[in-house]
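Read off the chains here:
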Amino acid sequence: MAELDTSSGGGKKGGKVRTKKANTKVDLTAMVDLAFLLITFFMLTTSLSKPIAMDIAKPDKNEKDDTNRLELRASQTMTILLGKNNKVAWYMGEAKTATPTIEGFTEVRQSILANKKKVADLYGNDPKKTLVVVIKPTSGATYKNFVDIMDELNIAQITAAPAIDDENILDAEIAVMKQNGIL
Amino acid sequence: MPRAKVQRKSTSIDMTAMCDVSFLLLTFFILTATARQPDPLKITIPSSTYKIPVPDVDIAKLSIGHGKVFYEVAGQDVKMATLDKMAAQYKLEFTPTERKRFGVIQSFGVPIQSLKQYINLPDEAAREKSGLATGIPADSTNNQLADWILNSRQAVAELHSEAMRISIRGDAEEEYPTVKKIVDILQKQKINKFSLITSAEGGAQ
């Protein structure tokens, strides 16, 4: 060990009176504790403060060119309307015939998963015919709602790119949302 | 009978080497840690389970909160080049010192007319206090935000021959129509893909 032996050698050998030397050894335990605490702090903060990006692609908004419109089957389309008070309304198929379900964000994950399974069963697990989700954020929704719903799709592993449509909110949809007090 | 003496060893360990190593590590982490840039716009970003980190270069950051928009482009050179283009477009003059100062300004939200005054304020605290940061105008009649984005895209393309990415930092409680208004501006420039910046969510299933 690298301790310095500074204690007065063999006691009173030789009868010489030596001045008592102070021990130069410092207890470093506390210092090491502190250093490791700070290391832990810096290690955790450097990796955790990294912001994360969620990539979003919106449909191209070219009014003149209608050729790149994609037709979807009603049976594989789930439309989620984002309303106020952190509520969503979702329905399968077309707005005219379907009756939307009003749910909170905690329940919608189950609904997405259930619908995903339903569509997969209907088409015999055809990878090309999976559930397509159309997200329609209305004026009542907050930005957080939008991020949350995109996150739910990510968790539910919806492979088809979600269509984010904030332009064409149908009258029937508005009526239902108003009726349920979420718009 | 004399008892057999067990030689006692000292329990104290020499901490010097350990101390050296830990401080070396500490220094390393302090130096590599990037200080969190203070944001002039107070925003709480929503959380998500996504795990894609945001790149540091060739990216523009739009902060949306409380009905205001703040803008920032990454990179000093890009910032200065963008300012030059904006100055030419709006027929304003910026001195070389002002250009340099603008290069180190983080996110800003001032109309271009009062940008000169904003740059010349001594520090970030004074800038915040000045009340000049009213957000970048983004109306259809005075769409400076669209010009900032367009000019910085050109600057990034010229300087780095890279396509600029757009990221949006929105306040969690911001209403969707405000975000939509900004997204519409982006889509007018045929930017259909952008990143939403979120914080990591713990305990995601």
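Computed from a predicted structure; not experimentally measured.

J.: Please explain the overall build of chain B as it appears in this structure.
T.: Helix and strand counts for chain B stand at seven helices and six strands. Tracing chain B from N to C terminus, the helices and strands come up as α-β-β-β-β-α-α-α-α-α-β-α-β. Radius of gyration (C-alpha) of chain B: 25 Å, far over the 17 Å computed for a compact globule of 205 residues. Expressed as lengths along the three principal axes of its C-alpha atoms, the size of chain B is roughly 105 × 45 × 35 Å.

J.: Whenever I open this one, the interface of chain A and chain B confuses me. Can you help?
T.: Interface size is commonly expressed as the accessible surface area that is lost when the partners come together. At the interface, 41 residues of chain A touch 46 residues of chain B. Among the elements that make up the side of chain A that touches chain B, the one with the highest residue count is helix α1 (residues 29-48) of chain A (twelve residues). Here the side of chain A that touches chain B is built from residues that sort into 24 nonpolar, seven polar and ten charged. Direction of pairing for strand β1 (residues 52-57) of chain A relative to strand β2 (residues 52-53) of chain B: antiparallel, over a ladder of two bridges. Along β2(B), the bridge assignment pairs Ile52(A) with Pro53(B).

J.: Would you mind going over the pairing of strand β4 (residues 68-73) of chain B with me for this structure?
T.: Regular strands show a simple pattern: their side chains alternate between the two faces of the sheet. Residues and elements named next belong to chain B. Within β4, five of the six residues are buried, which leaves it mostly tucked inside the rest of the structure. The sheet contact formed by strand β3 (residues 59-65) and β4 spans six bridges and is antiparallel. Residue pairing in the sheet places Lys 61 in a bridge with Glu 72 of β4. As consecutive antiparallel partners, β3 and β4 are separated by two residues, and within that stretch His 66 has a phi angle of approximately 50°, a positive value.

J.: What am I meant to see in the environment of Met54(A) here?
T.: Here Met54(A) shows up in strand β1. Judged by the 22 C-beta atoms lying within 10 Å of it, Met54(A) is buried. Look past the residues within four positions of Met54(A) in its chain and what remains in contact with it is Val147(A), Met150(A), Ser48(B), Tyr50(B), Ser195(B), Leu196(B) and Thr198(B).

J.: I would appreciate a short explanation of the nonpolar core in the present structure.
T.: The tendency in soluble globular proteins is for nonpolar side chains to be buried side by side. Of all hydrophobic cores here, the largest spans 69 residues; its most connected members are Ile80(A), Val69(B) and Tyr71(B). With six residues, helix α3 (residues 143-155) of chain A is the largest single contributor of residues to this core. Among residues more than four places away in sequence, those in contact with Val69(B) are Leu62(B), Ile64(B), Gly109(B), Gly135(B), Ile136(B), Ala138(B), Leu145(B) and Ile182(B).

J.: Where do I start with unusual backbone geometry in this structure?
T.: Glycine aside, the phi torsion of most residues is negative, and most peptide linkages are trans. Positive phi, close to 55°, is recorded for Asn125(A), a residue that is not glycine. Residue position: Asn125(A) is located in the loop between α2 (105-122) and β5 (132-137). For Ser161(B), which is not glycine, the phi torsion reads 40° and is therefore positive. Topologically, Ser161(B) is positioned in the loop between α6 (144-160) and β5 (165-170).

J.: I would appreciate a short explanation of the sheet that holds strand β3 (residues 87-92) of chain A in the present structure.
T.: Residue and element names in this part refer to chain A. In space, the five strands of this open sheet follow the order β4-β3-β2-β5-β6, with mixed pairing throughout. The strands lining the two open edges of the sheet, one partner per strand, are β4 (101-104) and β6 (163-164). The pairing of β5 with β6 spans two bridges and is parallel. Bridging across to β6, Ile 135 finds its partner in Ile 164.

J.: Help me out: how do you make sense of the pairing of β5(B) in this one?
T.: Residue and element names in this part refer to chain B. Counting buried positions over the six residues of β5 gives six, a clear majority of the element. Burial of the side chains of β5 extends over both faces: Arg 165, Ser 167 and Arg 169 are buried on one face and Ile 166, Ile 168 and Gly 170 on the other. Following the backbone out of β5, through helix α7 (residues 176-188) and into the adjacent parallel strand β6 (residues 193-200), one traces a crossover that is right-handed.

J.: Hey, could you run me through the packing of α2(A) against α3(A) in this one?
T.: How two helices pack is summed up by the angle between their axes together with the distance between the axes. Residue and element names in this part refer to chain A. Here α2 crosses α3 at 35°, and the two axes come no closer than 10 Å. Here α2 and α3 pass one another in a crossing that is right-handed. Seen from α2, the contacting residues are Phe 105, Val 108, Arg 109 and Ile 112; seen from α3, they are Asp 148, Glu 152, Leu 153 and Ile 155. Considering only residue class, the contact of α2 with α3 consists of five nonpolar, no polar and three charged.

J.: In this structure, what is going on with the packing of helix α2 (residues 76-90) of chain B against α6(B)? I would like to understand it.
T.: Residues and elements named next belong to chain B. Where α2 contacts α6, the two axes come as close as 8 Å, and the packing angle between them is 130°. The pairing of α2 with α6 is recorded here as oblique in orientation. In terms of crossing hand, the pair formed by α2 and α6 is right-handed. Across the interface between the two elements, Asp 77, Val 78, Ala 81, Thr 82, Lys 85, Met 86 and Gln 89 from α2 touch Asp 147, Trp 148, Asn 151, Ser 152, Gln 154, Ala 155, Val 156, Glu 158 and Leu 159 from α6.

Reading the values: the criteria
Residues numbered from 1 in each chain as written. Chains lettered and ligands numbered in written order. Predicted model: local features only at pLDDT ≥ 70, side-chain atom pairs only at ≥ 80, totals over all residues. Helix = DSSP H or I, 4+ residues; strand = E, 2+ residues; numbered from the N terminus. Rg over C-alpha atoms; globule rule 2.2 N^0.38 Å. Contact = placed C-beta atoms within 7 Å. Nonpolar A, V, L, I, M, F, W, Y, C, P; charged D, E, K, R; others polar. Pairing = 2+ DSSP bridges. Buried ≥ 20, exposed ≤ 12 C-beta atoms within 10 Å, placed from the backbone. Core = buried A, V, L, I, M, F, W, Y, C linked by C-beta atoms within 7 Å. Right-handed = clockwise from strand over helix to strand, strands pointing away. Axes fitted to C-alpha atoms, helices over the stretch in contact; angles between N-to-C directions. Left-handed = near helix turned anticlockwise from the far one by under 90°. Parallel < 35°, antiparallel > 145°, perpendicular 65-115°, else oblique.

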